[in-house]
Amino acid sequence: NAGVTQTPKFQVLKTGQSMTLQCAQDMNHNSMYWYRQDPGMGLRLIYYSASEGTTDKGEVPNGYNVSRLNKREFSLRLESAAPSQTSVYFCASSEGKLGYTFGSGTRLTVV
Amino acid sequence: SQKIEQNSEALNIQEGKTATLTCNYTNYSPAYLQWYRQDPGRGPVFLLLIRENEKEKRKERLKVTFDTTLKQSLFHITASQPADSATYLCALDPDNFNKFYFGSGTKLNVKP
């Protein structure tokens, strides 16, 4: 009964370092998403994948890349981290209009 | 520009009363609107979805209305309990691509 699993839960990076946030879902959902949440800004869509093999940009894609590795997994990569990317990152999945299932988030600090 | 507005001030109410939260939007004509609950340090949890042709939707103590003329959704919790204390987010799908955009949420505090 895992739902959406995100790793790691916490991460501190130095400016310029790279890292990949991992996300996996076990609900056989077609669509997967990456959001970031900042105080007062709400959730902002970074990238989404409507189905395996497809990805598309959201509201704030600059500085990020994604890979839909298979139907279960959708990873988010920061190639050269910047302090402005300090945030809480949420992965979500959905099927049709039944509502998103979110992971528990990754808290990223870039110093 | 497109906007989804929720009251940034916390809503404080007494246990047993009805809580009403507001979601206003501009420059959208969404086919769907969702409401989520988020507890501190956790991801949002889906509560309800309402379609543009539905004026009202209910689930247990929750009620959502959707007024496409006013561009507004109201979220009601009746007989509120301290356990209902959380941040509530609304989300819209403006393009019917199952890609939702979120408001920044309203924090609800229910006092015993």
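Now for a description of the structure that goes with this document. (Residues numbered from 1 in each chain as written. Chains lettered and ligands numbered in written order. Predicted model: local features only at pLDDT ≥ 70, side-chain atom pairs only at ≥ 80, totals over all residues. Heavy atoms only, no water.)

Some thoughts on the overall build of chain A
Part 1 of the argument: Within chain A, the regular secondary structure consists of zero helices and eleven strands.
Part 2 of the argument: Each helix (α) and strand (β) of chain A, taken in turn from the N terminus, gives the series β-β-β-β-β-β-β-β-β-β-β.
Part 3 of the argument: Against the globule reference of 13 Å for 111 residues, chain A gives a C-alpha radius of gyration of 13 Å, in line with a compact fold.
Part 4 of the argument: Its C-alpha atoms put chain A at 40 × 25 × 25 Å along the principal axes.
Part 5 of the argument: With 111 residues in all, chain A has 47% of them scored as buried.
Part 6 of the argument: Of the contacts made within chain A by residues no fewer than 6 positions apart, 53% connect residues no fewer than 24 positions apart.
Part 7 of the argument: For chain A, the exposed area adds up to about 5000 Å²; of that, 51% sits on carbon and sulfur atoms.
Part 8 of the argument: Each charge sign in chain A was given a centre, from 11 positive and 8 negative side chains, and these centres are 6 Å apart. (Helix = DSSP H or I, 4+ residues; strand = E, 2+ residues; numbered from the N terminus. Rg over C-alpha atoms; globule rule 2.2 N^0.38 Å. Buried < 20%, exposed > 50% of the residue type's maximum accessible area, 1.4 Å probe, protein only. Contact = heavy atoms within 4.5 Å. Areas by Shrake-Rupley, 256 points an atom, 1.4 Å probe, with all protein chains shown as cover. Lys, Arg positive; Asp, Glu negative; His and termini not counted. Charge placed at Lys NZ, Arg CZ, Asp CG, Glu CD.)

Focus: the interface of chain B and chain A
Part 1 of the argument: In this complex, chain B contributes 21 residues to the contact, which on the side of chain A involves 23 residues.
Part 2 of the argument: For the pair chain B and chain A, the summed buried surface comes to about 1600 Å²; carbon and sulfur atoms form 54% of the total.
Part 3 of the argument: If you sort the residues of chain B by the area they bury against chain A, B:Asn98, B:Lys99 and B:Phe102 come out on top, with a joint share of 33%.
Part 4 of the argument: The tally of links from chain B across to chain A stands at zero salt bridges.
Part 5 of the argument: Summed over the shared surface of chain B and chain A, the result is nine residue pairs in polar contact (both at pLDDT 80 or more).
Part 6 of the argument: At the level of secondary structure, the elements contributing two or more residues to the side of chain B that touches chain A comprise strand E4 (32-38), strand E5 (45-51), strand E9 (86-93) and strand E10 (101-102) of chain B. (Buried area = accessible area lost by both parts, 1.4 Å probe. Salt bridge = Lys/Arg side-chain N within 4 Å of Asp/Glu carboxyl O. Polar contact = N/O pair within 3.5 Å; in protein donor to acceptor, adjacent residues only side chain to side chain.)

Considering the sheet that holds strand E6 (residues 56-59) of chain B
Residues and elements named next belong to chain B.
Part 1 of the argument: Overall, antiparallel pairing links the five strands, which are arranged E1-E3-E8-E7-E6 in an open sheet. Every other strand in the sheet has two partners, leaving strand E1 (3-6) and E6 as the edge strands with one partner each. In this sheet, neighbouring strand axes are inclined to one another by 15° on average, regardless of whether the strands run parallel or antiparallel.
Part 2 of the argument: Relative to strand E8 (residues 72-77), strand E3 (residues 19-26) is paired through six bridges, and the arrangement is antiparallel. The residue bridging Leu21 from the neighbouring strand is Phe75, located in E8. (Pairing = 2+ DSSP bridges. Axes fitted to C-alpha atoms, helices over the stretch in contact; angles between N-to-C directions.)

Re the sheet that holds strand E3 (residues 19-25) of chain A
Residue and element names in this part refer to chain A.
Part 1 of the argument: In spatial order, the strands read E1-E3-E8-E7; together these four strands make up an open sheet with antiparallel pairing. A single partner strand is all that each edge strand has here, and the edge strands are strand E1 (4-7) and strand E7 (64-68). Each adjacent strand pair in this sheet contributes to an overall mean axis angle of 15°, direction not counted.
Part 2 of the argument: Two elements, E7 and strand E8 (residues 74-78), share five bridges in a ladder whose sense is antiparallel. From the neighbouring strand, Arg68 faces E8, where its bridge partner is Phe74.

Some thoughts on the environment of A:Tyr47
All names here are of chain A.
Part 1 of the argument: Looking at the element boundaries, Tyr47 is found in strand E5 (residues 42-49).
Part 2 of the argument: Residue Tyr47 is classed as buried on the basis of its relative accessible area, which comes to 9%.
Part 3 of the argument: Distance in space between the C-alpha atoms of Tyr47 and Tyr64 is 8.5 Å, their sequence separation being 17 residues.
Part 4 of the argument: Discounting chain neighbours no more than four positions away, the residues touching Tyr47 are Tyr33, Trp34, Asp56, Lys57, Gly58, Pro61, Tyr64, Asn65, Val66 and Phe74.

Details of the pairing of strand E7 (residues 62-67) of chain B
All names here are of chain B.
Part 1 of the argument: One ladder, built from four bridges, connects E6 with E7; its direction is antiparallel. Within E7, the residue paired with Lys59 across the bridge is Leu62.
Part 2 of the argument: Relative to E8, E7 runs antiparallel, the two sharing six bridges. By the bridge assignment for E8, Thr65 is matched with Leu74.
Part 3 of the argument: Where E7 folds back onto E8 in an antiparallel hairpin, the turn is made up of four residues, including Lys71, whose phi is positive at roughly 55°.

Function-wise, these values are silent; they only describe arrangement.
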